[in-house]
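Analysis of the macromolecular model
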Amino acid sequence: MTDQRLLHAQWSSRTAFILAASGSAIGLGNIWKFPYLAGEFGGGAFVVTYLLCVALIGVPIMIAETLLGRRGRQSPINTMLTLAEEAKASPYWRYTGWLGVAAGFLILSYYSVIAGWAMAYIFKINSALFVNIDAEQTGRFFEAFKSSPEFQSIWHTLFMIATVAIVSRGVSGGLERASRYLMPALFAMLVALDVYAMNSGGFGRGFAFLFYPDFDKLTGEGVLAAMGQAFFSLGLGMGSIMVYGSYLPSHVSIARSSLFVASADTVVALMAGLAIFPLVFAHGLEPGMGPGLIFQTLPIAFGQMPAGWLFGMVFFVLVFFAAITSAVALIEPAVAWLSENLGLSRKQASLYAGAACWFIGLGSAFSFNIWSEVKLFGKTVFELVDFLTANLMLPLGGVLVALFAGWVMKREISEAELELGEGRAYPAWRVLIRYVAPLGVLMVFLDAFGVL
Ligand code: TRP
């Protein structure tokens with residue numbers, strides 16, 4: 001009896017971790033961002049670079065971040081501080097935690113705007129306007145929606161309210177139970193869209209675009225975007241996974257769970273790409289059209305299917321759900337910090353963090369319309385915040401985690417935590433985390449900024 005309860009508790013903890021980590025990883029990054037970046041940066045060569053970054057930099061850092069979380073067992077800032085003390089290293093390592101809080105906060109500010117688009121499409125897709133809609137009409141429709149500052153701020157506000165409502169109640173419970181069913185449902189929906197895309201007449205071209213690498217098309221900027229997308233999509237470099245790792249029981253294999261989550265995340269992104277590019281080519285659309293890509297292609301498919309309005313609604317509900325499980329992970333470090341350090345209740349902390357995020361997010365909401373000409377370094381507010389966070393802050397946070405786990409933390413500790421046995425797995429991880437990941441990020445930075 002006792003044994004059984006113990007076994008059950010163990011199984012449910014491992015599942016809970018995998019659900020929370022996949023919920024954080026799988027989101028708009030997979031369904032909205034990956035396809036449009038792949039389209040913008042020329043397809044195959046971007047995708048190959050992205051996959052290499054996931055395998056050689058992302059997975060080792062995911063293992064390291066989870067490991068630090070489980071060893072420190074506190075919020076990221078305090079975890080870094082405790083672990084630095086344990087290793088007799090500088091207390092300045094806690095700024096790694098700070099960088100993460102700031103990055104999560106900034107990402108959520110625009111994430112909420114885009115999630116608002118998905119929310120709005122839940123309702124729009126079911127209107128008669130979308131029946132047999134063609135590429136030009138979806139484009140016009142999306143442009144009209146994007147250029148309304150009212151619509152942009154209303155949906156952004158609604159998404160932020162939903163996020164705060166969930167975070168202030170604590171993440172466990174309803175949301176966690178729901179993700180058991182809704183994540184597989186999203187997966188099934190993508191399978192259906194892939195099958196549809198296979199018969200759309202553009203599958204060959206879409207497939208070749210995504211998987212045939214033409215490295216002449218790849219710029220330094222594209223390589224940086226691919227690496228940034230690896231961090232963004234896996235949800236690394238800002239302490240989300242560190243927080244989840246801190247709840248992980250000590251007997252669960254960190255490496256195996258990380259590999260599982262990273263594979264699921266990657267498969268979902270590739271499936272989204274395979275659903276979208278065949279439509280892009282079948283309907284003569286422009287692969288590099290930018291952030292509107294899924295909103296201008298998928299409605300064409302839904303408009304042609306029997307009962308497409310229903311499929312479309314269900315699809316955008318699931319995208320909304322995937323976005324909110326990520327949003328919760330993005331704001332969690334800020335909420336944890338506010339409640340720990342300012343003595344606020346969880347409700348107050350979520351409300352303040354959400355309100356500040358909402359305010360900053362208005363900048364992104366308006367960057368698609370009234371502020372579309374307001375530019376710094378040639379980028380709109382949305383583009384600048386995205387570039388700063390995904391391409392600079394996350395890789396930097398990730399490198400700091402790698403350096404800490406590989407060079408500062410004692411070998412005995414990481415070896416004992418990872419329990420990879422006598423084989424080659426531990427030494428391989430160690431080489432990746434000490435050399436490959438940090439030097440990889442450094443080289444991508446140097447390449448992108450024209451030093452190499
Ligand atoms: N990975 C999520 C997505 O693809 C977004 C996200 C959640 C995230 N937590 C994160 C991004 C932490 C960076 C860091 O949509």
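Reading the values: the criteria
- Residues numbered from 1 in each chain as written.
- Predicted model: local features only at pLDDT ≥ 70, side-chain atom pairs only at ≥ 80, totals over all residues.
- Heavy atoms only, no water.
- Helix = DSSP H or I, 4+ residues; strand = E, 2+ residues; numbered from the N terminus.
- Rg over C-alpha atoms; globule rule 2.2 N^0.38 Å.
- Buried < 20%, exposed > 50% of the residue type's maximum accessible area, 1.4 Å probe, protein only.
- Contact = heavy atoms within 4.5 Å.
- Areas by Shrake-Rupley, 256 points an atom, 1.4 Å probe, with all protein chains shown as cover.
- Lys, Arg positive; Asp, Glu negative; His and termini not counted.
- Charge placed at Lys NZ, Arg CZ, Asp CG, Glu CD.
- Salt bridge = Lys/Arg side-chain N within 4 Å of Asp/Glu carboxyl O.
- Near = heavy atom within 4 Å.
- Polar contact = N/O pair within 3.5 Å; in protein donor to acceptor, adjacent residues only side chain to side chain.
- Nonpolar A, V, L, I, M, F, W, Y, C, P; charged D, E, K, R; others polar.
- Expected span 1.5 Å × (residues − 1).
- pLDDT = per-residue confidence, 0-100.
- Phe/Tyr/Trp six-rings, centres within 6.5 Å; stacked < 30°, edge-to-face > 60°.

A few words on the overall build of the protein chain. A count of helical and extended segments in the protein chain gives 18 helices and zero strands. Against the compact-globule benchmark of 22 Å for 452 residues, the protein chain has a radius of gyration of 21 Å, which places it among compact chains. In the protein chain, which comprises 452 residues, the proportion classed as buried is 58%. In the protein chain, 83% of the contacts between residues at least 6 apart in sequence involve partners at least 24 apart. Accessible area of the protein chain: about 18500 Å², with a carbon and sulfur share of 66%. Of the side-chain charges in the protein chain, 26 are positive and 27 negative, and the distance between the mean point of each set is 8 Å.

Quick look at the pattern of salt bridges now. Proximity of charged atoms lets side chains of opposite charge pair with each other. Evaluation of the coordinates by the stated rule reveals eight salt bridges. Here glutamate 417 ties to arginine 71 by a salt bridge, and the two come within 3.4 Å at their closest N and O atoms. In this pair, glutamate 417 sits in helix 17 (residues 411–418) while arginine 71 sits in helix 3 (residues 44–72), placing the two residues 346 residues apart along the sequence. The salt bridge involving glutamate 143 is made with lysine 146; its shortest N-O contact spans 3.7 Å. On the criterion of helical spacing, the pair formed by glutamate 143 and lysine 146 is a turn pair, its members being three residues apart in helix 6 (residues 135–146). Several salt bridges converge on common partners, so that one network encompasses Arg70, Arg71, Glu86 and Glu417.

On to the site of the ligand, then. Close to the ligand lie 17 residues; Ser24, Ala25, Gly29, Tyr111 and Phe232 are nearest. Between an oxygen atom of the ligand and a main-chain N or O atom of leucine 28, the distance comes to 3.1 Å. When the free accessible area of the ligand is taken as 360 Å², the share hidden by the protein chains comes to 100%. The set of elements that each furnish at least two residues to the shell around the ligand consists of helix 1 (2–25), helix 2 (28–40), helix 5 (94–124), helix 10 (220–234) and helix 14 (308–342). Examining the composition of the shell around the ligand, we find that three residues originate from one element, helix 2, more than from any other. Taken together, the residues of the shell around the ligand sort by class into nine nonpolar, eight polar and no charged.

Below, the discussion takes up the side chain of asparagine 30. Topologically, asparagine 30 is positioned in helix 2. Here the side chain of asparagine 30 touches aspartate 265 through a polar contact of 2.7 Å, side chain to side chain. Residue contacts for asparagine 30: discarding those within four places in its chain leaves Ala25, Pro35, Ser233, Asp265, Val268, Ala269 and Ala272.

With 15 residues, helix 10 should reach 21 Å at 1.5 Å per residue; the first-to-last C-alpha distance of 22 Å fits that figure. Of all 15 residues that make up helix 10, 14 are buried, and the element is covered over most of its length. One or two positions beyond helix 10, positive phi appears at glycine 235, with a value near 75°.

What follows deals with the side chain of aspartate 194. Within the secondary structure, aspartate 194 sits in helix 8 (residues 174–198). Buried and unpaired, aspartate 194 has no salt bridge, with arginine 205 as the nearest side chain of opposite charge at 16 Å. A distance of 3.1 Å separates the side chain of aspartate 194 from the backbone nitrogen of alanine 275, its partner in a polar contact. With near-sequence residues (within four places) excluded, aspartate 194 lies in contact with Met271, Leu274 and Ala275.

Looking now at the confidence of the model for the protein chain. The share of residues in the protein chain with pLDDT of 70 or more is 96%, and the mean pLDDT across the chain is 92. Put simply, helix 1 is where the protein chain has its lowest mean pLDDT, 67, and helix 2 is where it has its highest, 98. Below a pLDDT of 50 lies the segment residues 1–10, which in the model reaches one contact outside its immediate sequence neighbourhood of four places, other chains included.

Here we take up the packing of aromatic side chains. On inspection of all chains with the given rule, the structure shows 35 aromatic pairs. For the ring pair tyrosine 110 and phenylalanine 382, a centre distance of 5.3 Å and an interplane angle of 85° mean the geometry is edge-to-face. With tyrosine 110 in helix 5 and phenylalanine 382 in helix 16 (residues 381–408), the pair connects residues that are 272 residues apart, well separated along the chain. Exposure remark for tyrosine 110: the relative accessible area of 1% places this residue in the buried category. Between the aromatic rings of tyrosine 426 and tryptophan 429, the centroid separation amounts to 5.8 Å while the plane-to-plane angle is 45°, which identifies the pairing as tilted. Within this pair, tyrosine 426 and its partner tryptophan 429 are both found in helix 18 (residues 425–448), separated by three residues, close to a single helical turn. Classification of tyrosine 426 by relative accessible area gives buried; the value is 1%.

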